[in-house]
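Secondary and tertiary structure notes
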Amino acid sequence: MKILIKNKFLIVLLIVLIMISLYKFELSINILNITGKSLRDMLILLPPIFILIGLLDKWIERGTLVKYMGENSGVSGIFFSLILATVAAGPLYMAFPIAILLINKGAGLRYIIFFLGAWSSVKLPVLIYEFSSFGIKFSLIHIIFSLVFYYLTGILFEKIFTPADISKIKKISDNY
């Protein structure tokens, strides 16, 4: 029974898939193909990220990370979050394990939120595409407004979440 409760979302999706296949079999085959491709992509992309996280965990001391990305790191926190996000490759779900590592190493919440936002909009491949497709003026306006928005969102999160909430997040992240 515990397994059913733990996997209720998967069970609901399987029931929906069965219902779709009874109604429109071709669509269910297409759904399975897309799901299989997504799972394959994830299984290819995640192991290198986990290896990188393991190496970063051993190579970067907690004190060093707190110094450059801790609560009161200021401009250096923004800079290092931005650099880490810009050189990143891959979809956004790959940023979350890195965010957990940053939480565990003592990075400030605003810099983690900023890092996640920057990952989604200022990765190097995205920037190259954006500059070539939309031009420099549009791209710079988009980048500046996005980064300011993500930074302000990080500050807002720090105001909303109490230190007790942040410790709960850190406890949860210890399980991963």
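Residues numbered from 1 in each chain as written. Predicted model: local features only at pLDDT ≥ 70, side-chain atom pairs only at ≥ 80, totals over all residues. Heavy atoms only, no water.

**Comments concerning the overall build of the chain**
Applicable threshold: Secondary structure elements are defined from DSSP: runs of H or I of at least 4 residues count as helices, runs of E of at least 2 residues count as strands, and each element is numbered from the N terminus. Relative accessible area decides the class of each residue, using a 1.4 Å probe on protein chains only: under 20% of the type maximum gives buried, over 50% gives exposed, and in between gives partly exposed.
Secondary structure assignment for the chain yields 10 helices and zero strands. Secondary structure elements in the chain, listed N-terminal to C-terminal, are α-α-α-α-α-α-α-α-α-α. Counting only C-alpha atoms, the chain reaches 55 × 50 × 30 Å along its principal axes. The buried share of the chain, reckoned over its 176 residues, is 31%.

**So, the environment of Trp119**
Counted only if it meets this: The contact rule is simple, with two residues in contact once any of their heavy atoms fall within 4.5 Å.
Counting through the fold element by element, Trp119 comes out in helix 7 (residues 109-121). Once the C-alpha coordinates of Trp119 and Leu43 are considered, the two residues, 76 residues apart in sequence, prove to be 20 Å apart. Those residues in contact with Trp119 that lie beyond four places of it in its chain are Ala85, Ala88, Ala89, Gly90, Pro91, Leu92, Met94, Ala95 and Ile98.

**Overview of the packing of helix 6 (residues 95-105) against helix 10 (residues 163-174)**
Condition: Lines fitted to C-alpha atoms define the axes, with helix axes restricted to the stretch in contact, and inter-axis angles between N-to-C directions lie between 0 and 180 degrees. Orientation categories follow fixed angle ranges, with anything under 35 degrees roughly parallel, anything over 145 roughly antiparallel, 65 to 115 roughly perpendicular, and all other angles oblique. Crossing chirality is assigned from the near helix's rotation relative to the far helix, an anticlockwise turn below a right angle marking it left-handed and a clockwise turn marking it right-handed. Gly counts as polar in this scheme, as do all residues outside two lists: the nonpolar Ala, Val, Leu, Ile, Met, Phe, Trp, Tyr, Cys and Pro, and the charged Asp, Glu, Lys and Arg.
Where helix 6 contacts helix 10, the axes come no closer than 9 Å and their chain directions differ by 120 degrees. Taken as axis vectors, helix 6 and helix 10 run oblique relative to one another. Where helix 6 crosses over helix 10, the handedness of that crossing is left-handed. Packed against helix 6, whose contacting residues are Ile100, Ile103 and Asn104, the element helix 10 presents Ile169, Lys170, Ser173 and Asp174 at the interface. Here the contact of helix 6 with helix 10 is built from residues that sort into three nonpolar, two polar and two charged.

**Regarding the nonpolar core**
How we decide: Here, the term nonpolar core denotes a set of buried Ala, Val, Leu, Ile, Met, Phe, Trp, Tyr and Cys residues that are joined through side-chain atoms within 4.5 Å.
Counting 29 residues, the largest nonpolar core has Ile98, Leu102, Ile112, Phe115, Trp119 and Leu147 as its most contacted members. Looking at this core, the elements with two or more residues in it are helix 3 (25-59), helix 4 (62-69), helix 6, helix 7 and helix 9 (136-160). The dominant element in this core, judged by the number of residues it contributes, is helix 7, at seven residues.

**Observations concerning the packing of helix 5 (residues 75-86) against helix 7**
Working note: a packed helix pair is described by the angle between its axes plus the distance between those axes. Where helix 5 meets helix 7, the closest approach of the two axes is 8 Å, and the angle between their N-to-C directions is 35 degrees. By crossing handedness, the relation of helix 5 to helix 7 is classed as right-handed. Contact residues: helix 5 offers Gly77, Ile78, Ser81, Leu82, Leu84 and Ala85, while helix 7 offers Tyr111, Phe114, Phe115, Ala118 and Trp119. Across the contact of helix 5 with helix 7, the residue classes tally to nine nonpolar, two polar and no charged.

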